[in-house]
Amino acid sequence: MVKVAFFTNDLKNIDAHFGSAPQFAVYDVDAEGFNLFEVVPTGEERTEGRVEMLQDSGVDILYCIEIGPAAAAKVVNSKIFPIKYKEVVSIEAELDKLQSMIATNPPPFIKKIIEARG
């Protein structure tokens, strides 16, 4: 299983910047499917607070529209893998893609996450 956070304005799309998203949605994803674990409001938290919230939720991968280099470095140093999209993408479409990838041929970084979760 992999825990994934989507930075979102509407809870339907990956459409928010890491630093200004009002919330992030956390999903559990495995070869069988996915389910919503929690929605975390970010409030006024800055980078450190957001990274802490991700860690508290056990997040392995985060998706967002934009993340600055300093914030990305803090995320990576916290053992969370950031994925940045240039355009708005449906959360459900990305979950389907991720689930399929885990079921068939996960990339090395996802295999490592799954093995670590044991």
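Keep in mind that what you see is a predicted model, and the values were worked out from it rather than measured.

Visitor: What is the right way to read the overall build of the protein chain from this model?
Guide: The number of helices and strands found in the protein chain is 4 helices and 7 strands. Taking 2.2 N^0.38 as the reference for a compact globule, 118 residues should give roughly 13 Å; the C-alpha atoms of the protein chain span a radius of gyration of 13 Å, in line with that estimate. Taken along its principal axes, the extent of the C-alpha atoms in the protein chain is 40 × 25 × 25 Å. By residue count, 45% of the 118 residues in the protein chain fall in the buried class. A separation threshold of at least 6 residues defines the contact pool for the protein chain, and within that pool the share at least 24 residues apart is 53%. As displayed, the protein chain has an accessible area near 6,200 Å², and 53% of this comes from carbon and sulfur atoms. One way to put it: in the protein chain the 12 positive side-chain charges average out to a point 6 Å from where the 18 negative ones average out.

Visitor: Hey, could you run me through the pairing of strand E6 (residues 81-84) in this one?
Guide: A regular strand places its side chains on the two faces of the sheet in alternate fashion. Bridge count between strand E5 (residues 61-64) and E6: 4 bridges; the pairing is parallel. Pairing of tyrosine 63 across the sheet is with isoleucine 83, part of E6.

Visitor: In this structure, what is going on with the environment of isoleucine 83? I would like to understand it.
Guide: Following the sequence through the fold, isoleucine 83 ends up in strand E6. Separated by 22 residues in the primary sequence, isoleucine 83 and isoleucine 61 place their C-alpha atoms 7.3 Å from one another. In contact with isoleucine 83, other than residues within four places in its own chain, are Ile61, Leu62, Tyr63, Cys64 and Phe109.

Visitor: I tried to follow the packing of aromatic side chains on my own but got confused; where do I start?
Guide: In this description, a pair of aromatic rings is defined by centroid distance and the angle of the planes. Considering all chains together, one arrives at 7 aromatic pairs under this definition. Pairwise contacts between aromatic rings join Phe6, Tyr27, Phe34, Tyr63 and Tyr85 into one cluster. Lysine 3 extends its terminal NZ or CZ atom over the ring of phenylalanine 37, reaching a point 3.3 Å from the ring centre.

Visitor: So what exactly am I meant to see when it comes to a nonpolar patch on the surface here?
Guide: The grouping of Leu11, Leu36 and Val39 at the surface amounts to a nonpolar patch, some 220 Å² of accessible area in total. Inspection of the secondary structure puts leucine 36 in strand E4 (residues 33-41).

Quick notes on the rules
Residues numbered from 1 in each chain as written. Predicted model: local features only at pLDDT ≥ 70, side-chain atom pairs only at ≥ 80, totals over all residues. Heavy atoms only, no water. Helix = DSSP H or I, 4+ residues; strand = E, 2+ residues; numbered from the N terminus. Rg over C-alpha atoms; globule rule 2.2 N^0.38 Å. Buried < 20%, exposed > 50% of the residue type's maximum accessible area, 1.4 Å probe, protein only. Contact = heavy atoms within 4.5 Å. Areas by Shrake-Rupley, 256 points an atom, 1.4 Å probe, with all protein chains shown as cover. Lys, Arg positive; Asp, Glu negative; His and termini not counted. Charge placed at Lys NZ, Arg CZ, Asp CG, Glu CD. Pairing = 2+ DSSP bridges. Phe/Tyr/Trp six-rings, centres within 6.5 Å; stacked < 30°, edge-to-face > 60°. Lys NZ or Arg CZ within 6 Å of the ring centre and 35° of its normal. Patch = residues over 30% accessible without salt bridge, like charges linked within 9 Å, V, L, I, M, F, W, Y side chains within 5 Å. Salt bridge = Lys/Arg side-chain N within 4 Å of Asp/Glu carboxyl O.

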